[in-house]
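Residues per chain are reported as follows:
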Amino acid sequence: MSSAGLERPQLVAHVQQALNYTLFDCKWVPRSARLLCLGSAARGTGILQLYELQGGRLALLREIEKAKPLKCGTFGATSLQQRYLATGDFGGNLNVWNLEAPEIPVYSVKGHKEIINSIDGVGGLGIGEGAPEIVTGSRDGTVKVWDPRQKDTPVANMEPVQGESKRDCWTVAFGNAYNQEERVVCAGYDNGDIKLFDLKTMSLRWETNIKNGVCSVEFDRKDVNMNKLVATSLEGKFHVFDMRTQHPTKGFASVSEKAQKSTIWQVRHLPQNRDVFMTSGGAGSLHLWKYEYPAQRSKKDSEGAEMGVAGSVSLLQNVTLSTQPISSLDWSPDKKGLCVCGAFDQTVRVLIVTKLNKV
């Protein structure tokens, strides 16, 4: 084995836990060794389980059943003291839960007419500045931004204009939240559309189409000037956009990579190094990538307008864990290299990724 091979990160399966329900999302509870699993029970109800990592096993601390299957969750719009969980469900409801007293939500709104596919939070946990907002994307074609301090009505509603057909929104993410005023939301849709909404000006700032359903979008960090955005797609490709420079007509420079033949369900950047990210695939695999910046990130076009220059992506490591798609993925915000993923084989797996300080 070459010395380079020895330095490569390894993806080590640390613990796995079989579940008796369909798992849709898993999340680390910040500042703890705990993780959450949420999904749908066979009888059509929602299940939320809280586990604690105890050495080589996952101990179930509590299980909560809810009326509707739970599709997605985030801690991102709450303080570290509270650590409230916001969830989106199959009935279009947005609920915020105090996990210490989870019987009744601390905030609840019928946000959408159909399932909430994706949720993200900002302004809490020290992630970005400004209000503790939550964004939801739904099959009903709308993307809405909520402030839990304001009852019933969203602070922003991005919906198809009159006469435009509604597209299923599969994924949403906050970014650019580096001060009290600035905020963007990126949304990806089933027809390959990617839209960037500027919440400061309440306008559509940029849009593009990657020709295939957009499964996941994520900024490399939420709380800095927009830097990079990764979008993954239904047919195994992902695109990294350099968000530093927006050209008036060409938009953002990007590099795309065909990771595999099957769907790339998720992308998650390593919290401690935002140039490293993991993608999870339909073939039950995880791929760890590193983005390399070009020598110069922008250049002038023939008209003298600034345009971005895309970098390159290299594969650090990959592993196949399951015969079923890995549909959810979350890095521990506190412990570098600790990762949880959930697959459709009804198993949650905790992984340790080694040697990340070497990449």
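Residues numbered from 1 in each chain as written. Predicted model: local features only at pLDDT ≥ 70, side-chain atom pairs only at ≥ 80, totals over all residues. Heavy atoms only, no water.

An unreviewed UniProt entry lists the protein under the name Dynein axonemal assembly factor 10, with Aramus guarauna given as the organism. Regarding the protein, the relevant UniProt record gives this comment under Subcellular location (unreviewed entry): "Dynein axonemal particle". (UniProt positions renumbered as here; feature names shortened; annotations may be inferred.)

S.K.: I would appreciate a short explanation of the overall build of the protein in the present structure.
M.R.: Across its full length, the protein carries one helix and 30 strands. A compact globule built from 359 residues should have a C-alpha radius of gyration of about 21 Å, and the protein, at 20 Å, falls within 12% of that. The buried share of the protein, reckoned over its 359 residues, is 58%. In the protein, the share of contacts with a sequence separation of at least 24, taken over all contacts with a separation of at least 6, comes to 50%. For the protein, the accessible area works out to roughly 15000 Å², and carbon and sulfur atoms hold 47% of it. Measuring between centres, the 43 positive side-chain charges of the protein sit 4 Å from its 38 negative side-chain charges. (Helix = DSSP H or I, 4+ residues; strand = E, 2+ residues; numbered from the N terminus. Rg over C-alpha atoms; globule rule 2.2 N^0.38 Å. Buried < 20%, exposed > 50% of the residue type's maximum accessible area, 1.4 Å probe, protein only. Contact = heavy atoms within 4.5 Å. Areas by Shrake-Rupley, 256 points an atom, 1.4 Å probe, with all protein chains shown as cover. Lys, Arg positive; Asp, Glu negative; His and termini not counted. Charge placed at Lys NZ, Arg CZ, Asp CG, Glu CD.)

S.K.: Looking at this structure, how should I read the nonpolar core?
M.R.: One broad rule of soluble globular proteins: the nonpolar side chains tend to lie buried together. Met278, Leu286, Leu288 and Trp331 are the most contacted members of the largest nonpolar core, which has 18 residues in total. Broken down by secondary-structure element, the contributors of at least two residues to this core are β23 (273–281), β24 (285–292), β27 (312–320), β28 (326–331), β29 (338–343) and β30 (347–353). Cys37, Ala41, Leu338 and Val348 belong to the second-largest nonpolar core, a separate cluster that totals 17 residues. (Core = buried A, V, L, I, M, F, W, Y, C linked by side-chain atoms within 4.5 Å.)

S.K.: When you look at the pattern of salt bridges in this model, what are you seeing that I'm missing?
M.R.: Pairs may arise between side chains of opposite charge once their charged atoms sit close together. Summed over the entire model, instances satisfying the criterion amount to 23 salt bridges. Three or more residues are tied together by salt bridges with common partners; here these are Asp220, Lys228, Arg274 and Asp275. (Salt bridge = Lys/Arg side-chain N within 4 Å of Asp/Glu carboxyl O.)

S.K.: How do you make sense of the sheet that holds strand β13 (residues 156–158) when you look at a structure like this?
M.R.: Two modes of strand pairing occur in sheets, parallel and antiparallel, and in both the strands are linked by backbone hydrogen bonds. Within the open sheet, the four strands sit side by side as β10-β11-β12-β13. Their pairing is antiparallel. Each edge of the sheet is formed by a strand with only one pairing partner; in this case those strands are β10 (116–122) and β13. The sheet shows a mean angle of 15 degrees between the axes of neighbouring strands, taken without regard to direction. (Pairing = 2+ DSSP bridges. Axes fitted to C-alpha atoms, helices over the stretch in contact; angles between N-to-C directions.)

S.K.: What's the story with the side chain of Arg268 in this structure? I'm lost.
M.R.: Here Arg268 is to be found in strand β22 (residues 264–270). For Arg268, the side chain forms a polar contact with the side chain of Gln266, separated by 2.9 Å. Aside from chain neighbours lying at most four places away, what touches Arg268 is Ser216, Glu218, Phe277, Met278, Leu329 and Trp331. (Polar contact = N/O pair within 3.5 Å; in protein donor to acceptor, adjacent residues only side chain to side chain.)

S.K.: Quick question: what am I supposed to make of the side chain of Asp275 here?
M.R.: Positionally, Asp275 belongs in strand β23. Polar contacts involving the side chain of Asp275 include one to the side chain of Lys228, which spans 2.6 Å. Within the structure, Asp275 has its side chain in polar contact with the side chain of Tyr293 (distance 2.7 Å). Those residues in contact with Asp275 that lie beyond four places of it in its chain are Lys228, Trp289, Lys290, Tyr291 and Tyr293.

S.K.: Explain unusual backbone geometry here, please?
M.R.: A negative phi angle is the norm for most residues apart from glycine, just as the trans form is the norm for most peptide bonds. Even without glycine at this site, Arg31 takes up a positive phi of about 55 degrees. Mapped onto the elements, Arg31 comes out in the loop between β2 (22–28) and β3 (34–40). Residue class for Arg31 comes out exposed when judged on its relative accessible area of 57%. Within the chain, Asp152 stands out as a residue other than glycine whose phi angle is a positive 70 degrees.

S.K.: Explain the sheet that holds strand β17 (residues 203–209) here, please?
M.R.: Taking strand neighbours across the sheet as the criterion, the four strands line up as β14-β15-β16-β17 in an open arrangement whose pairing is antiparallel. The sheet is open, and its two borders are formed by β14 (169–175) and β17, each paired with just one other strand. Pairwise comparison of adjacent strand axes, ignoring direction, gives a mean angle of 20 degrees for this sheet. Pairing of strand β16 (residues 193–198) with β17 involves six bridges; the strand directions are antiparallel. From the neighbouring strand, Leu196 faces β17, where its bridge partner is Trp206.

S.K.: Explain the packing of aromatic side chains here, please?
M.R.: For the structure on display, the rule yields eight aromatic pairs. Aromatic side chains Trp206 and Phe241 sit 5.2 Å apart centroid to centroid with 75 degrees between the ring planes, which places their arrangement in the edge-to-face category. Linking Trp206 in strand β17 with Phe241 in strand β20 (residues 237–247), this pair joins segments that are 35 residues apart in sequence. Residues Trp206 and Phe241 agree in their burial class; the two are buried. Ring centres of Phe238 and Trp289 lie 4.8 Å apart, and the angle between their planes is 65 degrees; on these two criteria the pair is classed as edge-to-face. (Phe/Tyr/Trp six-rings, centres within 6.5 Å; stacked < 30°, edge-to-face > 60°.)

S.K.: Teacher, can you tell me more about the environment of Asp25 here?
M.R.: Take Asp25: it is sitting in strand β2. Looking at Asp25, the relative accessible area reads 9%, which means it is buried. Through-space distance from the C-alpha of Asp25 to that of Arg62 is 17 Å; in sequence the pair is 37 residues apart. At a separation of 3.3 Å, a polar atom in the side chain of Asp25 contacts the side chain of Lys27. Separated by 2.9 Å, the side chain of Asp25 and the backbone nitrogen of Gly73 make a polar contact.

S.K.: When you look at the environment of Leu316 in this model, what are you seeing that I'm missing?
M.R.: Residue position: Leu316 is located in strand β27. Sequence-distant contacts of Leu316, that is, excluding residues within four places in its chain, are made with Arg8, Pro9, Val276, Leu288, Trp289, Lys290 and Val359.

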